[in-house]
Amino acid sequence: MPSHIKVRSLFFALSFATIAVYYHVAYGVKDSVYLTMTEHWEDAYNLSSGINNTVNDFLQLVEKGDELTINQAIYRIDLNWTESHEIMLLESIYFSQNERYANRLIRLLKQKTGKNFGFDFDKWFTYIWNKNAAYDDTYFEFKAKIHERIDSKFKPYFLGRANQSKIRLDEVRWGGVVQDGIPPLRNPIMISATEADYLDDDNIVFGISVNGDSRAYPKRILAWHEMFVDTLDNTAVAGVYCTLCGTVILYKTEHKGVNHQVGTSGFLYRSNKLMYDKETQSLWSTLEGEPVIGPLVGKGIKLDYLSVVTTTWGEWKKRHPETTVLSSQTGYRRDYSEGAAYREYFATDELMFTVPNIDKRLKNKDEILAIRLSSLADENLAISSKFLKKNPIYKVKIADINFIVFTDVTGAHRVYKTENIEFSSYDNHSTATDEAGGSWTLSEENIKNTKGEILERFPTHNAFWFGYKAAFPNTRLIK
């Protein structure tokens, strides 16, 4: 066909399509009539381009583009619909700057899915997550390009990584900040306990100890930064605080001679923070310390983690008078007063980001102690902190390993492997007694008796119930 005829045919087809779209929107004509009116538009489109660029069509729904371009995109999405388009249409609506088209796009989603959730995005996401994943490789490109508009550093997280993912991409959600927009504290200033006059004894701290190097990180500061990167006793570590899921985990960042420089990605998976590493921009699970999207997936990398104690400043410095503590001089201007960060979120049981399923055996933000064996993925135990406060000495078994959980007066938990030793009492502080009458002293590294026998500490951490259950659906609960 001569080029001038192609152009003329395209002109009349687009003009007719524009009228068809106008009638469809303004007068609510039936979909069958609408599709009949636009049949010629499809022919003209194929003449002019021969390519249906799915990603660009969905991106057009986000932009404040001209009416004709957006109408063309909507038409092609409608015409070429597959189940894999559900998540892309939903995220396009979620990020859209085109308010005038929002209702129309919701109607299209309703028509294609048979569901009617209006603008309740949590219900839409939950609906999609509770089906088998339907997206294809195109979604990785779409995910990269739609988030690139927020932060160019987001693009490498997803682009070209369809074969480098071990989690569902449609469950990866932007958390509302750019990369390291919640700034990690790298090699922060630590001060002595006597210098920490900004802290009150009842303030919550996260206590860690590595080979006698004891440190306290106040919740009131760490909640604003969600991560610290430091070196303790020549050990490179990263303390990761997922405020949304109530978890602080201390990782050794070196694995097989490589020290992975991690940061805050800006994304969540099942409301759990995702980290990234600077070298490969792979995304990492906070709860498991391993890459989940990117070139490091499948490389056998899993960071070792150490214990963190959630306690009060008064109790921590009593146990560790030589401790250092995070200085309030962080280099950032924040309201570091007790309870200022995430005040509203912590005050209710409501979630900021939903998860596929809610287990109502506990409230969403009820705190649990997580005990899991990294070598046995299915061996996972969550014990209610309220239960442990009522049972300050509690024996439990995972696989063939016996553990004892000691809970002190502040509600802080310490877990030790017990071998075959049975404990009969605990003073809710630092001394326990076995059934033979032997006295044992608790420390952050181990528990030791007067004979010099030693039982090692087992790394554990606390978490909110909803986030831990979402990450480990098969976890066993004790409450």
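Since this is a predicted model, take the numbers as computed values, not measurements. (Residues numbered from 1 in each chain as written. Predicted model: local features only at pLDDT ≥ 70, side-chain atom pairs only at ≥ 80, totals over all residues. Heavy atoms only, no water.)

A. Layout of the packing of helix α6 (residues 85–95) against helix α9 (residues 138–148). Remark: α6 packs on α9, axes separated minimally by 11 Å, with the N-to-C direction vectors making an angle of 10 degrees. One element, α6, and the other, α9, form an angle in the roughly parallel class. Residues Ile87, Met88, Glu91, Ser92 and Phe95 of α6 pack against Thr138, Tyr139, Phe142, Lys143, Ile146 and His147 of α9. Counted by class, the contact of α6 with α9 contains six nonpolar, three polar and two charged residues. (Axes fitted to C-alpha atoms, helices over the stretch in contact; angles between N-to-C directions. Helix = DSSP H or I, 4+ residues; strand = E, 2+ residues; numbered from the N terminus. Parallel < 35°, antiparallel > 145°, perpendicular 65-115°, else oblique. Contact = heavy atoms within 4.5 Å. Nonpolar A, V, L, I, M, F, W, Y, C, P; charged D, E, K, R; others polar.)

B. Up close: the sheet that holds strand β28 (residues 461–464). Strand order in the open sheet formed by four strands is β28-β18-β19-β29, with mixed pairing between adjacent strands. The sheet is open, and its two edges are formed by β28 and β29 (476–478), each paired on a single side. In this sheet, neighbouring strand axes are inclined to one another by 35 degrees on average, regardless of whether the strands run parallel or antiparallel. (Pairing = 2+ DSSP bridges.)

C. A look at the pattern of salt bridges. Applying the stated criterion across every chain, the model contains 29 salt bridges. We note a salt bridge from Asp122 to Arg173, for which the minimum N-O separation is 3.9 Å. With a gap of 51 residues between them, Asp122 in helix α8 (residues 121–129) and Arg173 in strand β1 (residues 172–174) connect regions that are remote in the sequence. Notably, a salt bridge pairs Asp230 with Arg215, separated by 2.9 Å at the nearest N-O pair. Taken together, the residues span a long stretch of sequence, with Asp230 in strand β6 (residues 227–232) and Arg215 in strand β5 (residues 213–218) at a distance of 15 residues. Arg215 gets classed as buried once you look at its relative accessible area, which sits at 11%. Through salt bridges with shared partners, a single network forms among Glu315, Lys318, Arg319, Asp408, Arg414, Glu444 and Arg457. (Salt bridge = Lys/Arg side-chain N within 4 Å of Asp/Glu carboxyl O. Buried < 20%, exposed > 50% of the residue type's maximum accessible area, 1.4 Å probe, protein only.)

D. Spotlight on the environment of Glu148. Of note, Glu148 is situated in helix α9. The partly exposed category is assigned to Glu148, whose relative accessible area is 32%. A sequence separation of ten residues divides Glu148 from Phe158, and the C-alpha atoms of the two residues are 10.0 Å apart.

E. Summary view of the state of the cysteines. Considering all chains together, one arrives at one disulfide under this definition. A sulfur-sulfur separation of 2.5 Å characterises the disulfide bridge that pairs Cys242 with Cys245. For Cys242, a relative accessible area of 1% translates into the label buried. When its relative accessible area of 1% is taken as the criterion, Cys245 is described as buried. (Disulfide = S-S within 2.5 Å.)

F. Quick look at the packing of aromatic side chains. Counting across every chain of the model gives 32 aromatic pairs. Every member of this aromatic cluster is reached through a ring pair, and the members are Tyr94, Phe95, Phe121, Phe125, Trp129 and Trp174. Between Lys219 and the ring centre of Phe346, over which it is positioned, the NZ or CZ distance is 4.4 Å. The ring of Tyr345 carries Lys365 above its face, with NZ or CZ at 3.5 Å from the centroid. (Phe/Tyr/Trp six-rings, centres within 6.5 Å; stacked < 30°, edge-to-face > 60°. Lys NZ or Arg CZ within 6 Å of the ring centre and 35° of its normal.)

G. Structural detail: the sheet that holds strand β15 (residues 305–306). The strand order across the open sheet built from five strands is β2-β6-β7-β8-β15, with neighbouring strands paired in mixed fashion. Of all the strands in the sheet, the pair left with one neighbour each is β2 (185–186) and β15. Pairing geometry for β2 and β6, over two bridges, is parallel. Paired with Arg186 across the bridge in β6 is Val229.

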